[in-house]
Amino acid sequence: MGLRRRLGSLAESAPVAVFPVVGAGARADVARLRLRPEVELVDSPRHADVLLVAGEFVPGEVPGLAQVHDQLAPPRGTVRWGERLDGLDPSTPTIGTQDEVVAAIGSVASGLYRDPSISESPLLPDVDPVDWLGVGPYGHGGTGMTGGTPYGRPMVERAPDRDGLELDQLPVTVGPWIGSLPPGMTIHMKLQGDIIQEAEVLELVAGPYCPDLFTLALSSPQRVEDMELARASHHLVWLGEALRVHGLPALGLRALRLSQKLGPDSARSVRRLIQTVRRSGIFQLALRGVGTLPDSGLDGLGPVSRAHGREDDARLDEPAYRELGFTTITHDGGDAAARWRQRLGEIDQSLDLAGRAGALTAFGAGVVESPRGRIEPEGAQPSSLLKGRLAVWLTGLEWGDAVTTIWSLDLDPITYLPVETGARQ
Amino acid sequence: MIVAVLFWVFSAVAVVTGWLVFRTDSMVRAAYWLMASFVSVGGILILVGSDFLGLILILMMAGEMTIMAIFMVMFMMNPAGLNPMTMVHQHRTAIVSGAGAFLALAAVGLLAEFPDRPVAAGVDATVELGVELLGESMLVFETAGVALLAVMIGSVALVSKNGRYGPADEGSVEPTLEVEES
Amino acid sequence: MEVALSVVAVGLILLVSVYLVDVADTAIGYSVSGMQGGVASWKAPLVTAARLMLRRRTETERPDREAWALAPPLLGGLAAVALTAIPLSAGLDVADIPVGIVLFGAAMIQVMVAVFLHGWGPNSVFPMIGAFRMAAVGLSIGIPFSLVLITTALPAESLSVGVIIESQQDLWNVLRQPLGLPIYLVTALGFSFWGPGQLPDGADLAGGTNVESSGPALLVWRVSRAAVLVAVSAMGTAAFLGGYLGPALPGWLWMVAKTAAVALVLIWTGHRIARVRVEGTVRLGWLVLLPLALVDVFVSGALTL
C-alpha cells in the first residue's frame, strides 16, 4: 500500500486529465480551460480521470452522456459545470467561474488518487451490444469462409471504391463528443479504409442559445469597438481549437490566451502569432486544395463566403463602418487554406477597426454580421445553413481531410431549442 | 553453450509460430505470426555467422508482412479484416502437399551430403557475400534483378487505368490491323 | 555478466533520455504557447507517470488482447535494440557487430509493425485508421530512410556504425553527403511519428492508435515513442554529425551533446510545424525523397570511387 500512496501523492500535483462533454453555451469557456496548468483536456475519454459535463443539455441526451461516462477508465469521477442534470449524478454541481470549476476538478481528482475505491460505478450495464454468435474456440465456425455473423451483425455490403474496385464499406458513428470534431457533431458514415463513402451529419439538440453581443445587436445598437473585439476573440478561439487538431497544441494555447485579454493594443502580439501560424507550413502541408466548396449557396456565411471572393458582409451597409473606411477582405479559391487566410486577415482587420472606432455604434435593427456570418431576428444560426450540405462535401474525402474541412468551416453543430422546450424539469 | 540454447529456442519459436499461422482466426495475426517465424529464422542466420542476411531478412519481412496483411484485408469480403475467419482451406490438397513437401525436405536433409568446409576465423561474411554477388555470380543476380524490375514495371502498366488505347473503365479496344479501304 | 550489464545500461540511458525528452517537450511547449512553465516541466514527467500508473486499463469489445498488450513494450524494445548499435564513444557500444547500421534499420522498420499492432489490437475505428496510416507512411518513407543511412557506409566501406563514425575524421557526412541529413530527419519524424509526422496518433483521430489505451499501457506507449525519438536522434548524430568525434571534450560528451541537439531540433519542429496530410506524406516519400535519396546514393558512390 506504501507505493500506491506515494504514487497518489505524486499524482496529486499532476494536471488532471479531463474529458469535456460540451452542451449549449459552454464551448468557448471549455476551450479556455486549456489555459489552466491544473487541468489537461484530453481528446479521448479513455485518457481522462474526470468527466466534465459543461453547458445546457436536454434530458434526451443523458443516455449518450452515460455512455461516455462509462468509457472513462476507473478510477473516475464527474464534475458538472452548470445546473443539476437529472440522470447524471455528480457529487456537486458547480455553477460559477472557471476558478471554481478547476477547484472542483482538482478536489474530485485528488480524492480519487487518495482512495480509488470511491470511483464512480458504471451507469449502464456492461454487455455486448449484440450477442456473440461465433462457433468454436476461434469463432470462425459459422457458415461461410468468413465465419457467418459472429458479432451478430450482418456482413457489410460492398461498393466500388475510387479506383473502381469492389471493397467493403464499414458503417461507423463518430461523435457527438470526440476531440477531433467540434463538440456536438455526430457523423454516421460508411468508410472504405479511411475514405468517407457516405455521410450523415447530425447536430446535438441542446438547451437555449445564450445571447451574445451579436444577438443583442439585432435589437439595440452596440459599440463597434466591442463587437470587433468580440469578433477577433471568436476567431482566435477558433484558431486555438483548429491549430490543436492540426498538431500544434502549444501554438493553439497562444491563440486562446490572446483571445482572453484582447484589446486594441494586442495587435502586435496577434500579428506575431499570425506570422508564426503562416510559417508553420500549415497552408502547404495541410490546407491547400482541401475542402474546396461549390460556388453556390454560400450567401450569408461570412468568412466562408468571403473566402470565395464575394464581398458578402452586412457591415458594408452600416454608416459607422463606412465612416471607418471599412472594406471587406476577400480571398479566392474557396478551399480550407482560403478560409484560414480569410479569418487570419479578419482578426487583424477587426483589431484595427476596434482601435479606431471610438464611440461609434452600429446595427440595432435588421441583419447583423456575426463572426460566423449574417444573422437575422428569428433566423437560424449561420452555420446551420451548412447542415445537410456538409454531408455531401465530406463524401469522398479521407478522414484527415474531412476533419480539416469541418474545422475550416467554423461550425457550431448544436440545434438550439427555444427557452420553453429546452427547460429542465 | 549459449549459442546452442539460442539455436533451439529460435528453432522452436520458428516452428511454433509457423504452426500458429494456421491456427489463428485473423488475417493480420496470421501475417504477423509468419513474420515472427521469419524473425526467428533471421536469428538463426545471425547465430551461424551471417549477420547481414539475418538482419536483412528481419528488415524485409516487416515490410512484406505488413503489405501482405493490408492486401489480404483489402481483398477479403470482411470489414477491415476484423471479423474472424478460418485460415485453413482445401484440407485434402493442403495435407497432401504439406506432407509431400515435408518428406522431400526431410529426405534432402537426411540423405544429402553437406560440404564440410569450416570458414577461417576473421573472414567477414558480409564482404564475402558482396564479392559473391558482384563477382562470379554477378550475371545471374543482375539478370534476375532486371527481370524482376521488368515484371514490376509490366504489372504496374497492366493495372494502370489509362492504357494504350484509352481508360480501361471505358472499354478500351485495340484498333484493328486492317487498313481501311478508301 | 557483461551482457546483463549492457542491457541494464541501455535501459537506464533510455529512461533518463526519455525523461529529458519529455522535459524538453513540455518546456518548448510552454515557450511556444507563451505561458510560464519554470519548474513545472522538470516535475511533469514524474507526476504524469504517477497519474497514469494509478489508472486501470480499459476493455473494448473483442480486442486482439495479445497484440494490444504486446505493442507498447515491443516499440520500446525496438528503440533499445536500435540504440545498441550506436557507440557512445570509441569502442563503447553494446552490439559491436560489423553490420550495426542494418541492425538499426531492421529495428526501425519493425517500428511500423509495432504501431500497426497497437492500432489493430483494440478493435476500434480510429486506432485502426491510425494503424493503416502508419503502414502507408512507413512503406512510403522506409526506402529513402534506409537508402540515406546505407549511403553513409560507402565512404566508410563498412556497415559498422563505429567505422562509419571514424570515417568522418576529416569531414562529417553532413557536408560530404549534403542530401543525407535533411532526408534522414524528415523520414525520422515519420518513423518516430512525431510532430509533422504524427499521423498514426494524430489529433484528427483523437489520439489514433492510443484512443482506447489507458493507464500503464498508455504510459508505456508514450515512453516508447520518446525512446524511438532518442534512437533516431542518436543515429542521426552517428551517421551524419561525426558521432563522438570532437575536440577537447571526451567522446561520450560530444555524442550526448550532439544527440541532444538533434532531438531538440525534432522536438521544436513538433511544436512549430503542422501535421502533414497522409496523401502529402505518400507523395513526398515516393516522388521527392526517393529520387533525392537515389541521387544521394549515386553521387556519394561515384565520389567514393
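Treat the numbers as computed from the prediction; the structure is a model and nothing was measured. (Residues numbered from 1 in each chain as written. Chains lettered and ligands numbered in written order. Predicted model: local features only at pLDDT ≥ 70, side-chain atom pairs only at ≥ 80, totals over all residues.)

A. Summary view of the overall build of chain A. A count of helices and strands for chain A gives 15 helices and 16 strands. When burial is assessed residue by residue, chain A has 49% of its 425 residues classed as buried. Of the contacts formed within chain A by residues at least 6 apart in sequence, a portion of 66% connects residues at least 24 apart. (Helix = DSSP H or I, 4+ residues; strand = E, 2+ residues; numbered from the N terminus. Buried ≥ 20, exposed ≤ 12 C-beta atoms within 10 Å, placed from the backbone. Contact = placed C-beta atoms within 7 Å.)

B. Structural view of the overall build of chain B. Broken down by element type, chain B carries six helices and two strands. Going from the N terminus to the C terminus, chain B shows its helices and strands as α-α-α-α-α-α-β-β. The burial tally for chain B puts 24% of its 182 residues in the buried class. Contacts spanning at least 24 positions in sequence make up 52% of the contacts within chain B whose residues lie at least 6 apart.

C. The arrangement of the interface of chain A and chain C in detail. With 42 residues of chain A at the interface, the matching set in chain C holds 47 residues. If you list the elements that add at least two residues to the side of chain A that touches chain C, you get helix H1 (2-11), helix H6 (224-245), helix H7 (249-260), helix H9 (282-287) and helix H14 (399-408) of chain A. Ranked by the residues each element gives to the side of chain A that touches chain C, the list is headed by H7 of chain A, at five residues. Classifying every residue of the side of chain A that touches chain C gives 21 nonpolar, twelve polar and nine charged. (Nonpolar A, V, L, I, M, F, W, Y, C, P; charged D, E, K, R; others polar.)

D. Here's a closer look at the environment of Thr94 of chain A. Residue and element names in this part refer to chain A. Positionally, Thr94 belongs in strand E5 (residues 93-94). Judged by local crowding, Thr94 falls into the partly exposed class, with 19 C-beta atoms found within 10 Å. Taking the C-alpha atoms as reference points, Thr94 and Ile105, eleven residues apart in sequence, are found 10.0 Å from one another. Beyond its immediate stretch of four places on either side in the chain, Thr94 contacts Val79, Arg80, Trp81, Glu100, Val101 and Ala104.

E. Structural detail: the sheet that holds strand E9 (residues 186-192) of chain A. Residue and element names in this part refer to chain A. Spatial strand order, E8-E9-E10: three strands in an open sheet with antiparallel pairing. The open sheet has two free edges, formed respectively by strand E8 (170-174) and strand E10 (195-202), since each of these has just one partner strand. Within the sheet, the average angular offset between the axes of one strand and its neighbour, ignoring direction, is 20°. Alignment of E8 against E9, held across five bridges, turns out to be antiparallel. Its bridge partner being in E9, Val174 is matched across the sheet by Ile187. (Pairing = 2+ DSSP bridges. Axes fitted to C-alpha atoms, helices over the stretch in contact; angles between N-to-C directions.)

F. Structural detail: H6 of chain A. Residues and elements named next belong to chain A. The terminal C-alpha atoms of H6, which comprises 22 residues, lie 32 Å apart, in line with the 32 Å expected from a rise of 1.5 Å per residue. Counting buried positions along H6 gives 21 out of 22 residues, so the element sits mostly inside the fold. One or two positions beyond H6, positive phi appears at Gly247, with a value near 85°. (Expected span 1.5 Å × (residues − 1).)

G. Examining the environment of Leu199 of chain C more closely. Residue and element names in this part refer to chain C. Here Leu199 lies in the loop between helix H9 (180-191) and helix H10 (215-240). With 27 C-beta atoms counted inside 10 Å, the residue Leu199 sits in the buried group. Along the sequence, Leu199 and Arg275 sit 76 residues apart, while their C-alpha atoms lie 7.3 Å from each other. Setting aside anything within four residues of it in sequence, one finds Leu199 in contact with Arg133, Val137, Phe193, Arg275, Val278 and Thr281.

H. Just the interface of chain B and chain C, in detail. With 20 residues of chain B in contact, the opposing surface of chain C contributes 21 residues. Among the elements of the structure, helix H2 (27-47) and helix H3 (51-75) of chain B are those that each provide at least two residues to the side of chain B that touches chain C. The element contributing the most residues to the side of chain B that touches chain C is H3 of chain B, with eleven residues. Counted by class, the side of chain B that touches chain C contains 13 nonpolar, four polar and three charged residues.

I. Seen up close, the packing of H6 of chain A against helix H12 (residues 336-356) of chain A. Residue and element names in this part refer to chain A. Look at H6 against H12: their axes get within 8 Å of each other, and the N-to-C directions meet at 155°. Viewed along their axes, H6 and H12 adopt a mutual orientation that is roughly antiparallel. Taken as a pair, H6 and H12 cross one another with a handedness that is left-handed. Of the residues in H12, those in contact with Val224, Glu225, Glu228, Leu229, Arg231, Ala232, His235, Leu236 and Trp238 of H6 are Arg343, Glu346, Ile347, Ser350, Leu351, Leu353 and Ala354. Counted by class, the contact of H6 with H12 contains nine nonpolar, two polar and five charged residues. (Parallel < 35°, antiparallel > 145°, perpendicular 65-115°, else oblique. Left-handed = near helix turned anticlockwise from the far one by under 90°.)

J. Region of the structure containing the confidence of the model for chain B. Per-chain confidence: chain B averages 83 in pLDDT, with 82% of residues scoring 70 or above. Overall fold confidence (pTM) sits at 0.89, and the ipTM for the predicted complex is 0.89. (pLDDT = per-residue confidence, 0-100.)

K. Region of interest: helix H4 (residues 98-114) of chain A. All names here are of chain A. Helix length check: H4, at 17 residues, gives a terminal C-alpha distance of 24 Å against a target of 24 Å (1.5 Å per residue), a fit within 8%. Listed in full, the buried residues belonging to H4 are Val101, Ala104, Ile105, Val108, Ala109, Leu112 and Tyr113. Along the long axis of H4, the arc covered by the buried residues comes to 165°, so they all point the same way. Residues Asp99 and Glu100 are exposed on H4 and point more than 90 degrees away from its buried face. (Arc of directions from axis to C-beta.)

L. Seen up close, the environment of Ser44 of chain A. Counting through the fold element by element, Ser44 of chain A comes out in the loop between strand E2 (39-41) and strand E3 (50-54). Taking C-alpha positions, Ser44 of chain A is 9.4 Å from Pro20 of chain A, a pair spaced 24 residues apart along the chain. The residues contacting Ser44 of chain A, other than those within four sequence positions of it, are Gly179 of chain A together with Ala206, Gly207 and Val211 of chain C.

M. Up close: the nonpolar core. One finds Leu52 and Ile105 of chain A together with Ala79 and Val230 of chain C to be the most contacted residues of the largest nonpolar core, which totals 239 residues. Not counting chain neighbours up to four residues away, the residues in contact with Ile105 of chain A comprise Val16, Val18, Val39, Val50, Leu52 and Val79 of chain A. (Core = buried A, V, L, I, M, F, W, Y, C linked by C-beta atoms within 7 Å.)

N. Inspection of unusual backbone geometry at higher detail. With an omega of -5°, the peptide bond between Pro74 of chain A and Pro75 of chain A qualifies as cis. Here Pro75 of chain A lies in the loop between helix H3 (62-71) and strand E4 (77-81). In this structure, Glu157 of chain C takes a positive phi of about 55° despite not being glycine. Looking at the secondary structure, you find Glu157 of chain C in the loop between helix H6 (153-156) and helix H7 (161-166). Glu157 of chain C sits in the exposed class, given 11 other C-beta atoms within 10 Å. Positive phi outside glycine occurs at Ala248 of chain C, with the angle close to 65°. Looking at the element boundaries, Ala248 of chain C is found in the loop between H10 and helix H11 (251-272).

O. Spatial organisation of the pairing of E4 of chain A. All names here are of chain A. In terms of residue burial, E4 counts as a mostly covered element, since five of its five residues are buried. The side-chain alternation of E4 yields two buried faces, one formed by Gly77, Val79 and Trp81 and the other by Thr78 and Arg80. Of the strand pairs in this sheet, E3 and E4 are connected by five bridges, and their pairing is parallel. Residue pairing in the sheet places Leu52 in a bridge with Val79 of E4. Regarding topology, H3 serves as the crossover connection from E3 to the parallel E4, and that connection is right-handed. (Right-handed = clockwise from strand over helix to strand, strands pointing away.)

P. A look at the confidence of the model for chain A. All names here are of chain A. When the pLDDT values of chain A are averaged, the result is 81; 88% of them are 70 or greater. Confidence, expressed as mean pLDDT per element, reaches its minimum in chain A at helix H15 (residues 419-422) with 47 and its maximum at H14 with 92. In this model residues 421-425 is a low-confidence stretch, pLDDT under 50, and it forms seven contacts with partners more than four residues away in sequence or in other chains.

Q. Main features of the packing of helix H3 (residues 65-84) of chain C against H10 of chain C. All names here are of chain C. In contact at an axis separation of 8 Å, H3 and H10 are set at 20° when each is read in the N-to-C sense. By the angle class used here, H3 and H10 are roughly parallel. At the point where H3 passes H10, the crossing takes the left-handed sense. Note on element contacts: H10 touches H3 through Ala217, Val220, Trp221, Val223, Ser224, Arg225, Ala227, Val228, Val230, Ala231, Ala234 and Met235, opposite Pro72, Pro73, Leu75, Gly76, Ala79, Ala82 and Leu83. For the contact of H3 with H10, the class distribution of residues is 16 nonpolar, two polar and one charged.

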